[in-house]
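# Breakdown of the fold
If you want the building blocks of each chain, they are given just below.
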Amino acid sequence: MRPGGQPNLQQLMKQAQKMQEQLAEAQAELAEAEVTGTSGGGLVTVTISGSGEVKSVKIDPKAVDPDDVETLEDLVLAAVHNANDAVRKLTEQKMGPVTGGMGGLGLPGF
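Within each chain, residues carry numbers counting from 1 in the order of the written sequence. Reporting in this predicted model follows two pLDDT cut-offs: at least 70 for local features of residues, and 80 or more for side-chain atom pairs to be given and counted; totals over whole chains, interfaces and linings ignore these cut-offs and use all residues. No hydrogens and no water enter the side-chain calculation; it runs on all heavy atoms of the structure.

Along the protein, the regular secondary structure elements total two helices and three strands. Along the chain direction, N to C, the helices and strands of the protein fall in the order α-β-β-β-α. Residue burial is assigned from relative accessible area. The probe radius is 1.4 Å, only protein chains are included, and a residue is buried under 20% of its type maximum, exposed over 50%, and partly exposed in between. For the protein, buried positions account for 22% of its 110 residues. In this analysis, two residues are considered to be in contact whenever any of their non-hydrogen atoms come within 4.5 Å of each other. Within the protein, contacts between residues separated by at least 24 positions form 51% of all contacts whose residues are at least 6 apart in sequence. What sets the accessible areas is the Shrake-Rupley method with a 1.4 Å probe; for residues, cover comes only from the shown protein chains. When the accessible surface of the protein is totalled, it reaches about 7,600 Å², and 53% of it is carbon and sulfur. Secondary structure elements are defined from DSSP: runs of H or I of at least 4 residues count as helices, runs of E of at least 2 residues count as strands, and each element is numbered from the N terminus.

Here we take up the UniProt feature "coiled-coil region" (unreviewed entry) in the protein. UniProt positions are given in the numbering used here, feature names are shortened, and annotations may be inferred rather than shown by experiment. The UniProt record marks residues 9–36 with the feature "coiled-coil region" (unreviewed entry), using the residue numbering of this structure. Helix makes up 86% of residues 9–36 and strand makes up 11%, while its end C-alpha atoms are separated by 44 Å.

Turning next to the nonpolar core. In terms of nonpolar packing, the biggest core is built from 15 residues, with Val 35, Val 44, Val 46, Ile 48 and Leu 90 touching the most fellow members. Elements with a contribution of two residues or more to this core: helix 1 (9–32), strand 2 (44–49) and helix 2 (69–99). No other element matches the seven residues that helix 2 contributes to this core. Excluding anything up to four places from it in sequence, Ile 48 contacts Ala 33, Glu 34, Val 35, Glu 53, Val 54, Lys 55, Val 80, Ala 83, Asn 84 and Val 87. By convention a nonpolar core is built from buried Ala, Val, Leu, Ile, Met, Phe, Trp, Tyr and Cys residues, the set being connected through side-chain atoms within 4.5 Å.

Time to look at the sheet that holds strand 1 (residues 34–39). The sheet built from three strands is open, its strands ordered 1-2-3 with antiparallel pairing. Lying at the two open borders of the sheet, with one neighbouring strand each, are strand 1 and strand 3 (54–59). Sheet twist, expressed as the mean angle between neighbouring strand axes with direction ignored, is 15°. Bridge count between strand 1 and strand 2: six bridges; the pairing is antiparallel. Bridge pairing in strand 2 places Thr 36 opposite Thr 47. Here an angle of 0 to 180 degrees is reported between the N-to-C directions of two axes, which are lines fitted to C-alpha atoms, with helices fitted over the stretch in contact. Those strands touched by helix 2 are strand 1, strand 2 and strand 3, and its axis lies near 145° from that of strand 1. Any two strands between which DSSP finds at least two bridges are classified as paired.

On to helix 2. Given a rise of 1.5 Å per residue, 31 residues ought to cover 45 Å, and the 43 Å separating the end C-alpha atoms of helix 2 matches this to within 8%. The sharpest bend along helix 2 comes to roughly 30°, located at Gln 93, with the proline Pro 97 sitting one to four residues further on. The set of residues buried in helix 2 consists of Leu 72, Leu 75, Ala 79, Ala 83, Val 87, Leu 90, Met 95 and Val 98. In a helix, the anticipated span is given by 1.5 Å times the number of residues less one. Each residue is assigned a bend, namely the angle between axes fitted to the seven residues that terminate at it and the seven residues that start at it.

Turning next to the pairing of strand 3. Where strand 2 lies against strand 3, five bridges are found, and the strand directions are antiparallel. Its bridge partner lying in strand 3, Val 46 is registered against Val 57. Hairpin connection from strand 2 to strand 3: four residues lie between these consecutive antiparallel strands, with Gly 52 at a positive phi of about 100°.

The structure is reproduced here in structure tokens:
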């Protein structure tokens with residue numbers, strides 16, 4: 001702080017630029033990341049990118065029962081949810097340190 005309680009604008013700008021660079025780096029890491037969700041003890045596996053794009057769905061033939069399609073549908077949905085949870089955790093891990101530091105700027109709304 002400068003005399004009179006005013007923050008140093010140049011220092012704030014440097015902090016903001018550093019955070020912007022860290023944010024871009026975290027976003028790039030997320031875009032390249034892939035996570036996997038499973039259900040049914042591995043009968044269904046779903047791979048999702050860090051940005052949330054479903055990359056693949058693998059279904060073990062043992063999970064395919066023509067007389068019980070609903071169970072397979074539930075397994076696929078559960079695997080997608082599991083993968084989405086993994087993406088959410090990865091996002092928090094990558095973005096948390098960057099966005100958590102915004103409070104240090106002393107700017108309203110951050």
